[in-house]
Amino acid sequence: MPNLRTKGKSSIVWILMGLMVMGLGGFGVTSFSGGSTRLGKVGDTDITAQDYGRALQAQINAISQQSGQRITMAQAREMGVPQSVVQQLVSAAALAEEAGRIGVSVGDSQVAQAIRGLGAFQGPNGDFDRTAYGQVLQREGYTESSFEEQIREDEARLILQRAVVGGVAAPDAMVDQTARWILQTRDLSWVELTEADLTEGLATPDDETLRAWHQANADRFTAPETRKLTYAWVTPDRLAPEVELDEDALRATYEQHIDEYQQPERRIVSRLVFPSQDEADAALAQIEAGEADFDSFVVARGLTAEDADMGEVTEAQLGANGPEVFALQDTGVAGPLQTDLGPALFQVNAILDPIDIPFEQAQEDLRTEAAIDRAARQIATRSPDYEDLLAGGVPLEEIAEDTEMELGQIDWTAELQPEGGSIAGYDGFREVAAQITASDFPELHELADGGVFAARLDEIVPPSLIPFEEVRDEVEADWRQSEMHRQLLARASDLRLQEMSDDAPASVDAEPAQPALQDAALDWTAETDLSRDAYLGDLPQQILTQAFDLDETGETEVVDAGDRVFLVRLDQVTEADLSDDNAAGIRDALSARLNQSLQGDIFDFYARHVQRNLDVTVNQQAVESVNSQVQ
């Protein structure tokens, strides 16, 4: 049966309860309060909180196994998993209603066969285990009769689904045409035009030209709104030199940050989970034989190096897998080892030696850190006094004279690039600076490092065009860049016409080419056998895109890549040979995807039609109640 795809956040896939059961147990759910509490209803078919909880955990487990990392409920929410699961259950319930309406059902023998085929109920010998069957159902809150009835409904939906999408396949002509489009390659030549390719150098603009450019492009030379602020502030860094410390304080700081000075051996590890033990064993055999490396299996699973990366870990953090991973004397691969997600290979990318820095050696660094820490506590203690002064209307200037706070002034803009140590480098200050009004009284605000500040808006200078005399150099540079680009595009168009005329048959009445074009000697770079998704290094992708838009060999096109100008010429088109073994494999994969897409669309329309004829209700509060219990 084809694996029907999901479109956006609305799934059209029915859910076999058997597939759900394979993912049950121990995945962070403490309990689903309410047991069989109704979460929704489609026609006369109920969706319970248990149905939703099981399906949600099965989906989270499947995504976790695919990515090799346990995803959290927060991540699942960001991916739209809860909404997708609700829609899956609504679709399944609607199809169950439809199957009942038209009289589709299955007998006891087919129900028994479906249950025997579920891995969750198989014993060590691979056969159906009656004891395991009863234990799993009891743990998940099912009676045998209710579970078997659920399987009966699922099998009926399967018959219905097969009837809807059976025989749907993409036409061969469609598959072949798409395969040829994907596999077609092209030879092309390209050249980048620079100032040296212009027939004449750029003229030196006079002031009249530049003034006109300054006015025509006023948005590029307009100063942003400027907010003139006065502020008083104090930070732990600024107060730290005044703090006195004793050895007890330093030792307390040392113990507080002991993990930075005393660490066991750590290793930088990547982990890749496999669907089965056999696949993990086969992968390790290829790695040990030098036929493949760990990273190639990561890519083959559709993952990135970041997906497999576990970062720095200690032996204890790896749990039961720690001893074998840390037994490696050098970088390499350990495993396969059993994990909560299945058999996995662990690659040790680097070995980090233990850290053992005694107090005496860390003392100097600790002194600075402890002083800053104590200064932060002093600021927190004195903050109520600062607030009292501000509430009493004491000007910032006087507060700076009478306390540790320092006075400052700044012309702040949203585009300001602060210098090191500037108050404008703090997010907290920038937020206040952007919102403060002239009627606001100064208030005490915290900074990320434990400092505090208060600010007053003195004046707002609205956006204004910077006088030409102040930005003449910038105006000229902008004009030159724009004029250069314009002339390069014009030159490229002329050279394109020359290329086309050189390739065209000679005409008796044709006028001779312009001397400037006849003398053009372009240094073309040839690229061969390029596919549509080829990588061109630092060249803009527009070159390849426009090359594949050309129809005839010898045809040339101008590529405007923003601040760069190119000519690209199509030299040869190599059509795909679909009889080639590689092409045949791609064609088969493409056919399968197109079949799934068409079947998915047809079944989507059918499922939506069924739902439109039924009353559908979902209790969102019940959904959120289950979500909150997933850890």
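Each remark here, short or long, concerns the structure printed above.
Note that the structure is a prediction, hence the values are computed from the model and not measured.

**Focus: the environment of R472**
Stage number 1. With respect to the helices, strands and loops of the structure, R472 is situated in helix α20 (residues 472-503).
Stage number 2. A relative accessible area of 26% means that R472 is categorised as partly exposed.
Stage number 3. The sequence separation of R472 and H214 amounts to 258 residues, and the corresponding C-alpha distance is 8.5 Å.
Stage number 4. For R472, the contacting residues outside a window of four places in its chain are P205, D207 and L210.

**A short note on the pairing of strand β7 (residues 226-234)**
Stage number 1. Counting buried positions along β7 gives eight out of nine residues, so the element sits mostly inside the fold.
Stage number 2. For β7 and strand β16 (residues 452-461), the ladder comprises nine bridges, and the chain directions are antiparallel. Bridge pairing in β16 places K228 opposite E459.
Stage number 3. Pairing of β7 with strand β14 (residues 406-412) involves seven bridges; the strand directions are antiparallel. Along β14, the bridge assignment pairs L229 with I410.

**Topic: helix α4 (residues 81-102)**
Stage number 1. With 22 residues, α4 should cover 32 Å at 1.5 Å per step; its first-to-last C-alpha distance of 32 Å lies within 8% of that length.
Stage number 2. Burial of α4 is extensive: 17 of the 22 residues sit out of reach of the surface.
Stage number 3. With its phi angle positive at about 80°, G103 sits one or two positions after the end of α4.

**With respect to the pattern of salt bridges**
Stage number 1. On inspection of all chains with the given rule, the structure shows 24 salt bridges.
Stage number 2. We note a salt bridge from D458 to R456, for which the minimum N-O separation is 2.9 Å.
Stage number 3. Owing to a relative accessible area of 24%, R456 belongs among the partly exposed residues under this scheme.
Stage number 4. Ionic pairing is found between E557 and R496, a salt bridge with its closest N-O pair at 3.7 Å. Here E557, found in strand β19 (residues 556-560), pairs with R496, found in helix α20; they are 61 residues apart in sequence, far enough to count as distant.
Stage number 5. Its relative accessible area of 23% is what places E557 among the partly exposed residues.
Stage number 6. One network of salt bridges, with partners in common, ties together D207, R472, E476 and R480.

**Here we look at the packing of helix α6 (residues 130-139) against helix α7 (residues 144-165)**
Stage number 1. Running from amino to carboxyl end, α6 crosses α7 at an angle of 95°, the nearest separation of the two axes being 10 Å. Between α6 and α7, the interaxial angle falls into the category roughly perpendicular. Mapping the contact onto sequence places R130, Y133 and L137 in α6 and E144, F147 and E148 in α7.
Stage number 2. A breakdown of the residues in the contact of α6 with α7 according to their chemical character gives three nonpolar, no polar and three charged.

**A word on α7**
Stage number 1. Relative to the 32 Å expected for 22 residues at 1.5 Å per residue, α7 spans 31 Å between its end C-alpha atoms, a close match to the ideal helical length.
Stage number 2. Residues F147, Q150, I151, D154, E155, A156, R157, L158, L160, Q161, V164 and V165 constitute the buried set of α7.

**Details of the nonpolar core**
Stage number 1. Counting 31 residues, the largest nonpolar core has L39, I47, Y52, L56, I60, V85 and Y606 as the members making the most contacts within it.
Stage number 2. Those elements that provide at least two residues to this core are β3 (38-42), α2 (49-67), α3 (73-78), α4, α7, α23 (581-612) and α24 (620-628).
Stage number 3. Tallying contributions element by element places α4 first for this core, with nine residues.
Stage number 4. Look past the residues within four positions of I60 in its chain and what remains in contact with it is R70, I71, M73, A76 and V630.
Stage number 5. Formed by 16 residues, the second largest nonpolar core is a distinct cluster that contains W233, I410, A424 and L457.

The rules behind each value
- Residues numbered from 1 in each chain as written.
- Predicted model: local features only at pLDDT ≥ 70, side-chain atom pairs only at ≥ 80, totals over all residues.
- Heavy atoms only, no water.
- Helix = DSSP H or I, 4+ residues; strand = E, 2+ residues; numbered from the N terminus.
- Buried < 20%, exposed > 50% of the residue type's maximum accessible area, 1.4 Å probe, protein only.
- Contact = heavy atoms within 4.5 Å.
- Pairing = 2+ DSSP bridges.
- Expected span 1.5 Å × (residues − 1).
- Salt bridge = Lys/Arg side-chain N within 4 Å of Asp/Glu carboxyl O.
- Axes fitted to C-alpha atoms, helices over the stretch in contact; angles between N-to-C directions.
- Parallel < 35°, antiparallel > 145°, perpendicular 65-115°, else oblique.
- Nonpolar A, V, L, I, M, F, W, Y, C, P; charged D, E, K, R; others polar.
- Core = buried A, V, L, I, M, F, W, Y, C linked by side-chain atoms within 4.5 Å.

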